[in-house]
Amino acid sequence: MKLQIALDDVTLEGALELVKKVRDYIDIIEIGTPFVYEYGMQAVRTMKEHFPDKEILADMKIMDAGYYEAEEALKAGADYVTVLGVTDNLTIQGCKEAAEKYGKEIVVDMICVENMEERIAKLEEIGVHGLAVHTGTDQQAIGRTPLDDLKVMSVAAKKAKISVAGGIHADTVKDYIEYHPDVLIVGGGICHAEDPAAAAKEIYMQLQ
């Protein structure tokens, strides 16, 4: 099980310092959507340059122009690019084609997807590489967690790798491990911790 750190509300300089502290405990560095908005592909290139041994995910949340937008991140050094599951199949297919051109992968973010079992079946028919359970921050604010969706996805997904994100921290990791996701995504649980390195280590040790 891989640990992915989600970098969202950070500066590029701050992100570099943070990743230096936690690099021994993480596998994937996520350039979160707010981070992409602020710095664009510079953030992807910089992280890949400084941490060439880590995988990079560009959380583009692509909704249109799949091939073109995915390729922008892939050319910058991303190993994974996200596309929204609520978009059309042609956009997802375009992202997949771009990723495979570069020997990389797409992850379909299932935020706000209804009829998840039906949608997962179609996405696996398309041949997507990964699926991500994602409970957004606005939904977290009213008490929703990713666990219910993870339970559904862990049964419905037959081929794609599963990632899960949404307010996960050291005290709740055990609840997610039970469903054997391939990637556990943690943002504030590491980035906003009093001691990010200690928090990352605590989570990492639970995944071993």
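See above for the structure.
Residues numbered from 1 in each chain as written. Predicted model: local features only at pLDDT ≥ 70, side-chain atom pairs only at ≥ 80, totals over all residues. Heavy atoms only, no water.

Trainee: Hey, could you run me through the overall build of the protein in this one?
Mentor: When helices and strands are tallied, the protein shows 11 helices and 8 strands. The C-alpha atoms of the protein give a radius of gyration of 16 Å, which matches the 17 Å a tight globule of 208 residues would have. Structurally, the protein occupies a C-alpha span of about 40 × 35 × 30 Å along its principal axes. Sorting the 208 residues of the protein into buried and exposed places 53% on the buried side. At a minimum sequence separation of 6, the contacts of the protein that also span at least 24 residues come to 65%. For the protein, the accessible surface area stands at approximately 9,800 Å², while carbon and sulfur atoms represent 49% of it. For the protein, the separation between the mean place of its 21 positive charges and that of its 37 negative charges on side chains is 5 Å. (Helix = DSSP H or I, 4+ residues; strand = E, 2+ residues; numbered from the N terminus. Rg over C-alpha atoms; globule rule 2.2 N^0.38 Å. Buried < 20%, exposed > 50% of the residue type's maximum accessible area, 1.4 Å probe, protein only. Contact = heavy atoms within 4.5 Å. Areas by Shrake-Rupley, 256 points an atom, 1.4 Å probe, with all protein chains shown as cover. Lys, Arg positive; Asp, Glu negative; His and termini not counted. Charge placed at Lys NZ, Arg CZ, Asp CG, Glu CD.)

Trainee: It is not clear to me how unusual backbone geometry should be interpreted in this structure. Could you clarify?
Mentor: Trans is the prevailing form of peptide bonds, just as negative phi is the prevailing case for residues other than glycine. Positive phi outside glycine occurs at K61, with the angle close to 50 degrees. Locating K61 in the fold gives a position in strand β3 (residues 55-62). For C112, which is not glycine, the phi dihedral falls at a positive 65 degrees. Note on placement: C112 falls in the loop between β5 (105-109) and α6 (116-126).

Trainee: What is the right way to read the pairing of strand β6 (residues 130-134) from this model?
Mentor: If a strand is regular, its side chains alternate between the two faces of the sheet. In terms of burial, β6 is a largely internal element, 5 of the 5 residues being buried. By the alternation rule, side chains of β6 split into G130, A132 and H134 and L131 and V133, which are all buried. Looking at chain direction, β5 and β6 are connected through 3 bridges and run parallel. Among the inter-strand pairings, V108 is bridged to a residue of β6, identified as L131. Where the polypeptide runs from β5 across α6 and back to β6, its parallel neighbour, the crossover connection is right-handed. (Pairing = 2+ DSSP bridges. Right-handed = clockwise from strand over helix to strand, strands pointing away.)

Trainee: Looking at this model, I keep getting lost on α6. Mind explaining?
Mentor: Structural remark: α-helix, 3.6 residues per turn; residues separated by three or four positions point the same way. Listing the buried residues of α6 in full gives M116, R119, I120, L123, E124 and I126. Seen along its axis, α6 keeps its buried residues to an arc of 150 degrees; they face one direction. Within α6, the exposed residues directed more than 90 degrees away from the buried face are E118 and E125. Buried-residue contacts for α6 involve α5 (89-101), β5, β6 and α8 (147-156). In the stretch just after α6, G127 is the one whose phi turns positive, near 100 degrees. (Arc of directions from axis to C-beta.)

Trainee: So what exactly am I meant to see when it comes to the side chain of S163 here?
Mentor: Note on placement: S163 falls in strand β7 (residues 161-165). Accessibility expressed as a relative area gives 8% for S163, which makes it buried. Excluding its chain neighbours within four sequence positions, the residues that come into contact with S163 are L131, A132, V133, V183 and I185.

Trainee: Help me out: how do you make sense of the pattern of salt bridges in this one?
Mentor: Oppositely charged side chains may form a pair once their charged atoms are brought near each other. Summed over all chains, the structure comprises 11 salt bridges. Measuring nitrogen to oxygen at the nearest pair gives 2.9 Å for the salt bridge that ties K2 to E55. Separated by 53 residues along the polypeptide, K2 in strand β1 (residues 2-7) and E55 in strand β3 bring together distant segments of the chain. You can call K2 partly exposed: its relative accessible area is 32%. (Salt bridge = Lys/Arg side-chain N within 4 Å of Asp/Glu carboxyl O.)

Any functional reading would require information beyond the geometric quantities listed.
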